[in-house]
Amino acid sequence: MKNIQKLGLGIFLAALVLFNLLLFLGQFRLSEQQLQEVVKPEQFQILKTELAPILDKTYTSSFAFVSNFKKYFDAYNEAQQANWQSGGVVIWDDYTFALTKIASQGFVEDNRLLLLLLTIVLGAAGALLNILPKYKDEPAGIKNNGVMFSSNKSRGIIGIIIGAYLIVLYVLIYWFPAYIVNWTLLVDPLSYALSGGPASQWFLYGTIYTLAILVMGVRMFRKYRGNKYQTLRTASVMFFQLSFAFILPEILVLLNKPWYDFKNIWPLDYDFFFDYNVASMLSSGAIGMFMFVWGILLIIIGVPLMTYFYGKRWYCSWVCGCGGLAETAGDPYRHLSDKSLKAWNVERIMVYSVLVIIVLITLLTIVNYFMNFGLLGQATGVLHQWYGFLIGAAFAGVVGVGFYPLMGNRVWCRFGCPLAAYLGIVQRFKSRFRITTNGGQCISCGNCSTYCEMGIDVRWYAQRGQNVVRASCVGCGICASVCPRGVLKLENGPEQGRITDIPFLTGNESIEVLS
Amino acid sequence: MKASGDFCISTKGRRIVIIGNGIAGVTCARHLRKRDSAAHITIISGETEYFFSRTALMYIYMGHLKYKHTQPYEDWFWQKNRLNLVHDWVTGIDFEQKELQLQQQAPLKYDILVLALGSKPNMFGWPGQNLKGVQGLYSYQDLESMEAATQTCGRAVVVGGGLIGIEMAEMLRSRQIEVTFLVREANFWGNVLPEEEAQLVSRHIREHHIDLRLNTELKEILDDGNGHVRGIVTGAGEEIACQFVGLAVGVSPNTGLLKDTPLETNRGILVDEFFATSIRNVFAIGDCVEYRNPPPLRKPVEQVWYTGRMHGETLAHNLAHFPVAYQPGPWFNSAKFLDIEYQTYGIVPAKWEEPLESFYWEHESGKVAFRAVFDGRSKKLQGINALGMRLRHDFFDRVLREGGTVEEVLKQLHRANFDTEFYDKHHHAILKAYNQQFGTNLQPEKEKKTLLSVFGL
Ligand SMILES: Cc1cc2nc3c(=O)[nH]c(=O)nc-3n(C[C@H](O)[C@H](O)[C@H](O)COP(=O)(O)OP(=O)(O)OC[C@H]3O[C@@H](n4cnc5c(N)ncnc54)[C@H](O)[C@@H]3O)c2cc1C
Ligand code: SF4
C-alpha cells in the first residue's frame, strides 16, 4: 500500500472511531417544553405528570435516559391496561426515539456540523483516498491477488469483526434507535435541507447506505477499470440509489407526499398493498394515484417485459438498492457464497417459501380490506408485523448485510428476496437472457464459480459446454470478467437454442460426447 | 467395425483401473460410468486425493482461489458415481499378472489398465539444478514447495519463455518479488507465436515490471554454500543474484513408471488411433501419450488440457462400445498472458512460406490484435490468432471444417465476436485493414439493425 493509501485508511478508521464514540458523548435532559413539542397535545398533560421524575434531570448517557423513561412510561401503560374496563387508555405511540433525540444536548448537539464533517464526510474522504490510488501504474486487468489470504475477505478475524459490527448496527437501527440519536443529530442539517424535517434513524441509514454505495462504487471503477460492463452497471446502481432511493423520496416528503421509492417493487416492497400504505397513497392526490398505478404496472408489465428482454439483471444488478449495496460494498465478499448442491437446494426451498408467504399475506390483506375487515379483523396487522420483523428487518437487513463477510454479499437476494424469486421464475422460463459458454475452451479452473456471488457453480456448465440458464443469476457479469480463457458471455438472444439440455463440447469429432 | 470384445475385455463387471486423476483419467472414468454401469472403475493418484484443475495452480499461489476451489466436482460426486478413488503412488506394473504395486497399499488387480500419467517438467542437466529453491511447476507438490521457497524471496529468475514460464513470473510478481525472465528466443514464446504477437506480449511483460531478457540462456545455477541457490549465470556470463529459480522449459511425458517394462515407449507411451498401447488391454491417454500416426496437421505429442479431455471421452467410448479412431476437430487453444487473453483456432505457425499468406491487424493501443493465416491462392483459412479479444469457438470450428475463406470470415467477423457487452468492436477496423493490405473492397455482411438492436436486443 502506498503511503497516501495508508493515510486514507488511517483517516477512515479515526473517523469511524470518533463516530462510534459519539454515542457515548453529551448529556440527556428533557424539559417540559420539549415534551410538549414532541407528544400529541391530548397526551401532554398525562405524560407531564407521569414523566415528572425524569423531567429536567440530567442523564449522562442515552442508556440511562431511555431506561428511566421506559420505567415510568411502561408503568403508566400497565396501570391503564389493568384498568381497561374502567376506562383506562393505553398510549400506543412510541416516543422513545423522538424524546431521546430532543433531550440530547451538549457536545454532539452543539457541534453537529463539525462532527458531521469529522465523521461521515471525513470517513468517506479517507476511504476515497485509500481507494483512488489503487492499481495506479498497473495495466488494466482484474486482480484478485491475495483475496484468499486476506483476513477481511476470507472470514479471518477482521472479517468476523466487521460482520459483528454490521449486525450490531442493524439491530440498533431497527429495534433500538433511541441509543443512536446522536448519530441522527449529525445528519439533521441534511435532512432539513432535503425534506424540511429532522432526521429519523431511517434517514441516517439511507445516508450511510447511499454513501457506502457511492464510495465503494468508486472502488468498483478502480478494480474493474477497462471493463465497460462493470463500469456502466456500477454507475447505474450508484445513480438509482442516489436519486430514486435517497433524494427523490425526501423531496416528496418536502412536498407533503408519501415517502416513495419509484424503483422499489412489490414483493420486495412488501407493504405496498398493505391497507395503511394504499390509504396513504390514495389520499395524496394525483401523485399518490400515480404511485399506486406505477407500482402495479411495474409488477404486472415492467418485471415480465424487462426480464424477458434482458434477464433479471436489469433490476438486480443495475437498479435495485439491495443489489446496489451488494455489488459495491459487498463486492470484496462475493466469493464467500456457498457453491454446493446442498446450498442450491436450501436456496430454492427458502426463496420460494418467502415468495409464497408474502403473496398469501398480501392476498389476505386485500380480501380483508374489501370485506371491510370482516374476514380476519385486525389479524392481518399482526401478520404484517411479523413479516416485517422476520423477513423485512431480520433477514433482509441483519442477515442480508451483516453476513456479508461470513456468507457472501447476496445472502438476502439468494435465499430471501421474494422479488428475486419472481424475476427468477421469468428468467428461467421465458427470457432471452443466458450466459453462453464458448465451445470447448473451458479449463475448469474454477474462477467463475468461486467469484459467483449467487453461488452458481458456473464451471459445472462451462466445462460441459452448456449455457447457464439459472433462475438465481443476477447477471453481474463477474464470471465472464474473471474467466481467463474467454469462455463466458452474458447475452440476450433468440429463445431458440437458449437452453442447451444436450450440451455439446466443440472439438472432438470422433464420437458423440455424452454430458 | 471391430466389436469391443476384440478390442478389450468386455465381461460384465470388469475391473478397469486408471492410473492418474488428471483431466484425461477423470474424463475417461466419468464417461465410462455413463456408458457402462456394471464396470468396477478405480482411479489411482499419488498427487492428490481428488481431481483438481492443474491449470489453476497459479491462482492458488496468487490468492485468487483456494485449493478447494480448483476441484471441479464436490467430494460426494465420486462415491455417488461409484468411482473408486485410491490415493497412492503406483510403484510397479506387472503386465503378465495384471497387477499394480502400490507404495502404501496392497497390490491391485486389473482387467483393463488405463495409463493417464501426465507430464513432468523438463530438466536439462544444468549445474546446480538440484539446489534448494530451484524447481519446475507441474504438480500440487511443486506448488507447495514454491510457496515454501519464496517466503523470504526478494528476487527470482524464471527460465523459459513459454506458458508456464510467464505464469510463474506473474505468480511471483503478485507477491512483489522482483523477477528476471530468461527467454532463449528473440521474443516471448517465439517458437509458437509469430513475431508481431510475440512482440506485443513481450511489451506487456515489461509493462508488468518483469525484467525480460530475450536471447538469453541459462548456463549455471550457483550454490550459496548451504545447498541453496544464490544466483544464476547466463549464457553471456552475466551473474544474477536470486533466491529462487523457476525452471519452465517445457514438459515431457511422464513415463518413468514404465522403464524396464515391455510396454513400448518413445518420447511418450506409443498408442494407435484407438489409444491402445503395445500390450493388450492396456491403454494410454493424455499428456503421457505419443501417437504412432498423428492425426492430420497434429503433432505426435500434445500436452494440453483439451486433448487430454478428448482422449478420455474417446477412449471411454472405445472401451464401452466399439473402437472409433480418434479424430480431433480443428486445433484450438487459449491462454492469458498477464492481462492479455489469447485464443487461437486452426493452425497459425510462427513462420510461414508460400503458398501461405498472413494478414495481421493490431489496435493502436498495442494490446488487441488479430491474425489470419490462409492459402494465398484459394484464400482458404488455415488459422487465426486473437489477442485481447474473444472469439467464438463454434464459428471458427465450422469455418475451418468447411474450408471457408479468410474473406468470408472477415466479412462476418461480428458474428464471431464473443467480447463482453459494451466493449469496443473491432471488426470494421479489421476489415478495413485487410482491404488496404490486399487491395480488396470487401463490404461487411449486413448486420441486422433494428430499433430493438439499439437496446441490445
Ligand atoms: C501450471 C500449468 C498450467 C497449465 N495451463 C494450461 C492451460 O492453460 N491450458 C491447457 O490446455 N493446458 C494447460 N496445462 C497443461 C495441462 O494441465 C495438462 O495438459 C493436463 O493437465 C494433462 O492432463 P493429464 O490427465 O494427461 O495428466 P495430469 O493432469 O498430469 O494427471 C496425471 C496424474 O497421474 C498421477 N500419476 C502419475 N504417475 C503416477 C503413479 N505412478 N502413481 C500414482 N499416480 C501417478 C500424477 O500425479 C497426476 O496426478 C498447464 C499445465 C501446468 C503445469
Ligand atoms: S473461469 Fe472460465 S476457464 Fe475457468 S472454469 Fe470458469 S469458464 Fe472455465
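Brief notes about the nonpolar core
- Within the largest apolar cluster, 201 residues are counted, with the highest numbers of intra-cluster contacts made by Leu488(A), Ile93(B), Leu113(B), Leu115(B), Phe337(B), Phe370(B) and Phe396(B).
- In terms of residue count, the dominant contributor to this core is helix α8 (residues 305-320) of chain B (seven residues).
- Judged by nonpolar contacts, the second largest core, of 40 residues, contains Ala124(A), Tyr170(A), Val187(A) and Leu325(A).

Observations regarding the environment of Gly374(A)
- Turning to its location among the elements, Gly374(A) is positioned in the loop between α17 (341-370) and α18 (379-402).
- Along the backbone, Gly374(A) and Ser444(A) are 70 residues apart, and their C-alpha atoms lie at a distance of 60 Å.

A word on the side chain of Asn333(B)
- Assignment of secondary structure puts Asn333(B) in strand β21 (residues 332-337).
- In this structure Asn333(B) touches Gln441(A), Val304(B), Tyr306(B), Tyr342(B), Gln343(B) and Thr344(B), once residues within four positions along its chain are discounted.

Points about the site of ligand 2
Residue and element names in this part refer to chain A.
- In the neighbourhood of ligand 2, 13 residues make up the surrounding shell, with Cys442, Cys445, Gly446, Cys448 and Cys483 lying closest.
- Mapped by element, the contributors of at least two residues to the shell around ligand 2 are α22 (447-450) and α23 (458-462).
- Here the residues of the shell around ligand 2 are counted per class, giving nine nonpolar, three polar and one charged.

Points about the state of the cysteines
Residues and elements named next belong to chain A.
- Scanning all chains against the criterion turns up zero disulfides over all chains.
- There is no disulfide at Cys322, and the cysteine sulfur nearest it, in Cys320, is 4.3 Å away.
- Using a relative accessible area of 27% as the deciding quantity, one classes Cys322 as partly exposed.
- Left unpaired, Cys413 is separated from the closest cysteine sulfur, that of Cys322, by 6.1 Å.

Focus: the pattern of salt bridges
All names here are of chain A.
- Under the criterion given, the structure shown has 43 salt bridges over all chains.
- Here Lys430 and Glu495 are joined by a salt bridge, their closest N and O atoms 3.2 Å apart. With a gap of 65 residues between them, Lys430 in the loop between α21 (418-429) and β4 (433-437) and Glu495 in the segment after β5 (488-492) connect regions that are remote in the sequence.
- The class of Lys430 is partly exposed, set by a relative accessible area of 45%.
- Since its relative accessible area comes to 31%, Glu495 is described here as partly exposed.

A word on the pairing of strand β5 (residues 99-102) of chain B
Residues and elements named next belong to chain B.
- Because side chains alternate across β5, one face comprises the buried residues Leu100 and Leu102, and the other comprises Glu99 and Gln101, none of which is buried.
- Note that strand β4 (residues 90-94) and β5 share four bridges and pair antiparallel. Bridging from a neighbouring strand, Ile93 pairs with Leu100 of β5.
- Count of turn residues in the β4/β5 antiparallel hairpin: four residues, of which Lys98 carries a positive phi of about 55°.
- The loop that links β5 with its antiparallel partner strand β6 (residues 108-109) comprises five residues.

Side note on the pairing of strand β13 (residues 218-223) of chain B
All names here are of chain B.
- Examined bridge by bridge, β13 and strand β14 (residues 229-234) share five bridges and lie antiparallel to one another. Looking across to β14, one finds that Asp223 is bridged to Val229.
- Between the antiparallel neighbours β13 and β14 lie five residues, among them Gly225 with a positive phi of about 100°.

Some points on the site of ligand 1
- If you check the shell around ligand 1, you find 32 residues, and the closest are Arg485(A), Glu47(B), Val90(B), Tyr138(B) and Asp287(B).
- Around ligand 1 the close residues trace back to chains A and B.
- Contacts to ligand 1 include Glu47(B), whose side-chain N or O atom sits 2.5 Å from an oxygen atom.
- Burial of ligand 1 by the surrounding chains reaches 94%, relative to a free accessible area of 990 Å².
- Contributions of two or more residues to the shell around ligand 1 are made by α2 (23-35), α6 (163-173) and α8 of chain B.

Observations concerning the environment of Leu258(B)
Residues and elements named next belong to chain B.
- Counting through the fold element by element, Leu258 comes out in the loop between β17 (251-253) and β18 (269-271).
- Residue Leu258 is classed as buried on the basis of its relative accessible area, which comes to 3%.
- Put simply, Leu258 and Thr91 are 167 residues apart on the chain and 9.7 Å apart in space, counted from C-alpha to C-alpha.
- Non-local contacts of Leu258, meaning those with residues more than four positions away in its chain, are made with Ile93, Phe95, Leu115, Leu117, Leu263, Thr265 and Ile269.

Some points on the domain arrangement of chain B
Residue and element names in this part refer to chain B.
- Domain assignment breaks chain B into domain 1 (15-120 + 252-320), domain 2 (134-249) and domain 3 (332-452).
- Measuring from the centre of the C-alpha atoms in domain 1 to the corresponding centre in domain 3 gives 36 Å.
- Between domain 1 and domain 3, the contact holds four residues from the first and four residues from the second.
- Both sides of the domain 1 and domain 3 interface together cover about 410 Å² of buried area, and 67% of this is carbon and sulfur.
- For the domain 1 face of the interface with domain 3, the top three residues by lost area are Leu297, Val304 and Tyr306, together amounting to 77%.
- Taken together, domain 1 and domain 3 are joined by zero salt bridges.
- At the surface where domain 1 touches domain 3, the tally comes to one residue pair in polar contact (both at pLDDT 80 or more).
- Taken together, the residues of the side of domain 1 that touches domain 3 sort by class into four nonpolar, no polar and no charged.

So, the sheet that holds strand β22 (residues 340-346) of chain B
Residues and elements named next belong to chain B.
- The five strands are arranged β21-β22-β25-β24-β23 in an open sheet whose pairing can be described as antiparallel. Each edge of the open sheet carries a strand with a single partner, namely β21 and β23 (356-362). Taken over all neighbouring pairs, the strand axes of this sheet differ in orientation by 10° on average, direction set aside.

Re the packing of helix α10 (residues 188-195) of chain A against helix α12 (residues 228-254) of chain A
Residue and element names in this part refer to chain A.
- Where α10 meets α12, the closest approach of the two axes is 7 Å, and the angle between their N-to-C directions is 65°. With respect to α12, the element α10 is oriented roughly perpendicular. Of α12, the residues touching α10 (which contributes Leu190, Leu194 and Ser195) are Phe246, Ile247, Glu250, Ile251, Val253 and Leu254.
- For the contact of α10 with α12, a count of residues per class yields seven nonpolar, one polar and one charged.

Section: the interface of chain A and chain B
- If you look at the interface, chain A gives 65 residues, while chain B gives 72 residues.
- Carbon and sulfur atoms make up 49% of the area that chain A and chain B hide from each other, which totals about 5,400 Å².
- Looking at the side of chain A facing chain B, the largest losses of area belong to Gln441(A), Arg485(A) and Glu509(A), adding up to 11% of the total buried there.
- For the interface between chain A and chain B, the tally reads five salt bridges.

Remarks on the packing of aromatic side chains
- Summed over all chains, the structure comprises 64 aromatic pairs over all chains.
- Ring geometry for Trp318(A) and Phe422(B): centres 6.1 Å apart, planes at 55°, overall tilted. With Trp318(A) in the loop between α15 (313-316) and α16 (321-328) and Phe422(B) in the loop between α11 (413-416) and α12 (427-438), this residue pair bridges two chains.
- A relative accessible area of 42% means that Phe422(B) is categorised as partly exposed.
- Taken together, the aromatic side chains of Tyr170(A), Tyr174(A), Trp175(A), Trp202(A), Tyr205(A), Tyr209(A), Trp386(A) and Phe389(A) make up a single cluster linked through ring pairs.

What counts, and where the lines are drawn
Residues numbered from 1 in each chain as written. Chains lettered and ligands numbered in written order. Predicted model: local features only at pLDDT ≥ 70, side-chain atom pairs only at ≥ 80, totals over all residues. Heavy atoms only, no water. Core = buried A, V, L, I, M, F, W, Y, C linked by side-chain atoms within 4.5 Å. Buried < 20%, exposed > 50% of the residue type's maximum accessible area, 1.4 Å probe, protein only. Helix = DSSP H or I, 4+ residues; strand = E, 2+ residues; numbered from the N terminus. Contact = heavy atoms within 4.5 Å. Near = heavy atom within 4 Å. Nonpolar A, V, L, I, M, F, W, Y, C, P; charged D, E, K, R; others polar. Disulfide = S-S within 2.5 Å. Salt bridge = Lys/Arg side-chain N within 4 Å of Asp/Glu carboxyl O. Pairing = 2+ DSSP bridges. Polar contact = N/O pair within 3.5 Å; in protein donor to acceptor, adjacent residues only side chain to side chain. Areas by Shrake-Rupley, 256 points an atom, 1.4 Å probe, with all protein chains shown as cover. Domains from an automatic or database assignment. Buried area = accessible area lost by both parts, 1.4 Å probe. Axes fitted to C-alpha atoms, helices over the stretch in contact; angles between N-to-C directions. Parallel < 35°, antiparallel > 145°, perpendicular 65-115°, else oblique. Phe/Tyr/Trp six-rings, centres within 6.5 Å; stacked < 30°, edge-to-face > 60°.

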